[in-house]
Amino acid sequence: MPTTLEGGPAAAPPLPRARVELELELPLGAAPFDLEAAVCSHGLFMMAPNRWDPASRALLRPLRLASDRSRSLLARVSRHPARPSRSLLVSLFGADALSPLDQDCILEQVRRMLRLSEEDGRVVAEFQAMHAAAREAGFGRIFRSPTLFEDMVKCILLCNCHRWTRTLAMATALCELQLELRHSSGTEVLELRTPPIRELKRKRGKNRNVRVKLETKFTELECLEDPRVETAEDARVATGTSDVITHLETDEKSASLPQVAPETGSACQSFDSSELSLEGCIGDFPTPEELAYLDEDFLAKCCNLGYRAERIVLLARSIVEGKVCLQNLEEMQKMSLPATEELSTIPSTYERLNNELTTISGFGPFTRANVLMCMGFFHMIPADTETIRHLKQCHKIASTIKSVHMELDKIYGEYAPFQFLAYWFELWGFYDKQFGKIAEMDPSTYRLFTASALKKQHRLVRK
């Protein structure tokens, strides 16, 4: 049972327009835990509605309630001021009381994001026993979303997107859309719900008025589609683009890409805990129920998703209609990896889940590999053009998309079944050196976190 605490953390920043109304304590157990290392460990932490505050070393984002999935509370996750090594403090805004069910739901979402389960702790301990440098750095937990659905959609957002700025903008736009839908009347929401996709062409006109109204909220996110990225996932090899989360190709023009307008809740981009309001200044990530019956053309336009909109709507609809059961997928993963299981059985479990994901429209090999990594499988390394760049730049190995897995096995095979953790520790550490300490970066500079910047620096070093 979570413990409700009295008073606030001693070092908490002032909140003139909102106050912490409820605080929950989340025990950490005996294993060492570093909140900063757990959050700032993967590009997912940069994507809305997540917000890492480098000044207070706290994670802020909305979290759903179990009793009402349409309702979110803004949460702030920080070290417990009285027991920083033993507990986290989850501060909630906008509710002075919650049922035990809702409290447990909030804390479970935090556990998932930070990988705080016993199984996660076992994985970290076993990997760090193999990797002294990772143990010293406190590395081993890879940040993820509070739900599998959010992870899956964000993996879709990475596909064939050569601008990290746009990836960030798409995630922000989805959160802003969720906020708009939440504030819309029931009639407007119903008008946005459409028949199955195959019938859209003949019945789309009914949605026009509401679509026009909502589209005005997102015009700042619109930009021309790059024809090189409007292809199937495997075409990223031919176009030279990369869809891995922290190192998508960009150029100097990305600095001028349109940002979300302030009136649409730009707190997703520049969140300040001193500017909180009880009404909520940031949208949550949409649920399957909120996306399932939207017009995919409307979704594509208002969130600048391109072809990804259809994939996201189909995924959401499949979940709502019971064709895809995320709970079953997660249970399959949890039940298949008990502490006593032989490591040799992990690939077979992975393949079963991989086959399940293959049945979902639009989930290519790279997307599936990233989703399965989020689920806790670390023996496979999702490889793309950035992986090839990393091997060439850091290991002096020239590889191709066809040979890269063989090269990866040679380098990281000794860390089985945690090859991805060894690879990501090396890659993320490389970024940390090139860009400066990632956990201390201002969120406004996340758009500069790109492979092209690495190439420029590499050229300067060579000179």
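Overview of the structure. (Residues numbered from 1 in each chain as written. Predicted model: local features only at pLDDT ≥ 70, side-chain atom pairs only at ≥ 80, totals over all residues. Heavy atoms only, no water.)

On a plain count of helices and strands, the protein chain comes out with 20 helices and 6 strands. Here the protein chain holds 463 residues, and 57% of them are scored as buried. Considering only contacts in the protein chain between residues 6 or more positions apart, those separated by 24 or more positions represent 72%. (Helix = DSSP H or I, 4+ residues; strand = E, 2+ residues; numbered from the N terminus. Buried < 20%, exposed > 50% of the residue type's maximum accessible area, 1.4 Å probe, protein only. Contact = heavy atoms within 4.5 Å.)

As a further point, take helix α12 (residues 296–303). The buried fraction of α12 amounts to 6 of the 8 residues, a majority that puts the element mostly inside the structure. In this structure Asp295 caps α12, since a side-chain oxygen of it lies 2.8 Å from the backbone nitrogen of Asp297. Two residues or fewer after α12 comes Asn304, characterised by a positive phi angle close to 55°. (Polar contact = N/O pair within 3.5 Å; in protein donor to acceptor, adjacent residues only side chain to side chain.)

What follows is about the pairing of strand β6 (residues 87–93). When you tally the buried positions in β6, you get 7 out of 7 residues, the bulk of the element. Across 7 bridges, the pairing between strand β2 (residues 20–27) and β6 is antiparallel. Residue pairing in the sheet places Glu25 in a bridge with Leu89 of β6. In terms of strand pairing, strand β5 (residues 72–79) meets β6 through 6 bridges, oriented antiparallel. Among the inter-strand pairings, Ala75 is bridged to a residue of β6, identified as Leu92. (Pairing = 2+ DSSP bridges.)

Evaluation of the coordinates by the stated rule reveals 17 salt bridges. Here Glu150 and Lys154 are joined by a salt bridge, their closest N and O atoms 2.8 Å apart. Highlighted residues: Glu150 and Lys154, both in helix α5 (residues 148–157), separated by 4 residues, approximately one helical turn. Owing to a relative accessible area of 3%, Glu150 belongs among the buried residues under this scheme. Members of the salt-bridge network, linked through shared partners, are Arg61, Arg64, Glu150, Lys154, Asp284 and Glu290. (Salt bridge = Lys/Arg side-chain N within 4 Å of Asp/Glu carboxyl O.)

Turning our attention to the layout of surface pockets. Roughly 1100 Å³ of volume is contained in the largest pocket. When contributions to the lining of the largest pocket are tallied by element, the ones reaching two or more residues are β4 (58–64), α2 (100–114), α3 (118–130), α5, α11 (288–291) and α14 (326–335). Broken down by class, the residue content of the lining of the largest pocket amounts to 16 nonpolar, 7 polar and 15 charged. For the lining of the largest pocket, the domains that each give at least three residues are domain 1 (18–146) and domain 2 (147–185 + 282–336 + 347–376). (1 Å grid on protein atoms, 1.4 Å probe; cavity = no way out; pocket = protein on both sides within 12 Å on 5 of 7 lines; lining within 4 Å. Points joined across faces, edges and corners; volume = space filled by probe spheres on them. Nonpolar A, V, L, I, M, F, W, Y, C, P; charged D, E, K, R; others polar. Domains from an automatic or database assignment.)

Another aspect to go through is the nonpolar core. In this structure, Phe45, Leu114 and Leu299 are the most contacted members of the largest nonpolar core, which totals 113 residues. For this core, the leading source of residues is helix α19 (residues 419–435), giving 10 residues. Contacts of Phe45, omitting those with residues within four sequence positions, involve Val39, Cys40, Asn50, Trp52, Phe143, Trp428, Ile438 and Tyr446. (Core = buried A, V, L, I, M, F, W, Y, C linked by side-chain atoms within 4.5 Å.)

Between the first and last C-alpha of helix α13 (residues 308–320) there are 18 Å, a value that for 13 residues agrees with the 18 Å anticipated at 1.5 Å per step. Of all 13 residues making up α13, 10 are buried, and the element is well covered by its neighbours. Here α13 has its buried residues at Arg308, Ala309, Arg311, Ile312, Val313, Leu315, Ala316, Arg317, Ser318 and Ile319. Buried residues along α13 sit in contact with α5, α6 (164–183), α11, α12 and α14. Where α13 terminates, the next one or two residues include Gly322, which has phi positive at roughly 85°. (Expected span 1.5 Å × (residues − 1).)

All right, on to unusual backbone geometry then. For the bond from Ala48 to Pro49, the omega torsion is 10°, close enough to zero to count as cis. Looking at the secondary structure, you find Pro49 in the loop between α1 (35–39) and β3 (51–53). Residue Pro417 follows Ala416 across a cis peptide bond; omega there is 5°. Positive phi, normally seen in glycine, also occurs at Arg57, with a value near 55°. By the element assignment, Arg57 lies in the loop between β3 and β4.

On to the packing of aromatic side chains, then. Within the structure shown, the criterion is met by 14 aromatic pairs. Connected via pairs of aromatic rings, a cluster forms that spans Phe378, Tyr412, Phe420, Tyr423, Trp424, Trp428, Phe430, Tyr431 and Phe435. (Phe/Tyr/Trp six-rings, centres within 6.5 Å; stacked < 30°, edge-to-face > 60°.)

Mapped onto the elements of the fold, Glu407 is located in helix α18 (residues 404–412). There is no salt bridge for the buried Glu407, and the closest opposite charge comes from Lys410, which lies 4.1 Å off by N-O distance. (Lys, Arg positive; Asp, Glu negative; His and termini not counted.)

Turning to the environment of Lys437, a few remarks are in order. Here Lys437 is to be found in the loop between α19 and α20 (451–462). The class for Lys437 is partly exposed, based on a relative accessible area of 40%. In the structure, Lys437 is positioned 397 residues away from Cys40 in sequence and 9.7 Å away in space, judged by C-alpha atoms. In this structure Lys437 touches Glu36 and Asp432, once residues within four positions along its chain are discounted.

Keep in mind these numbers describe shape, not what the thing actually does.
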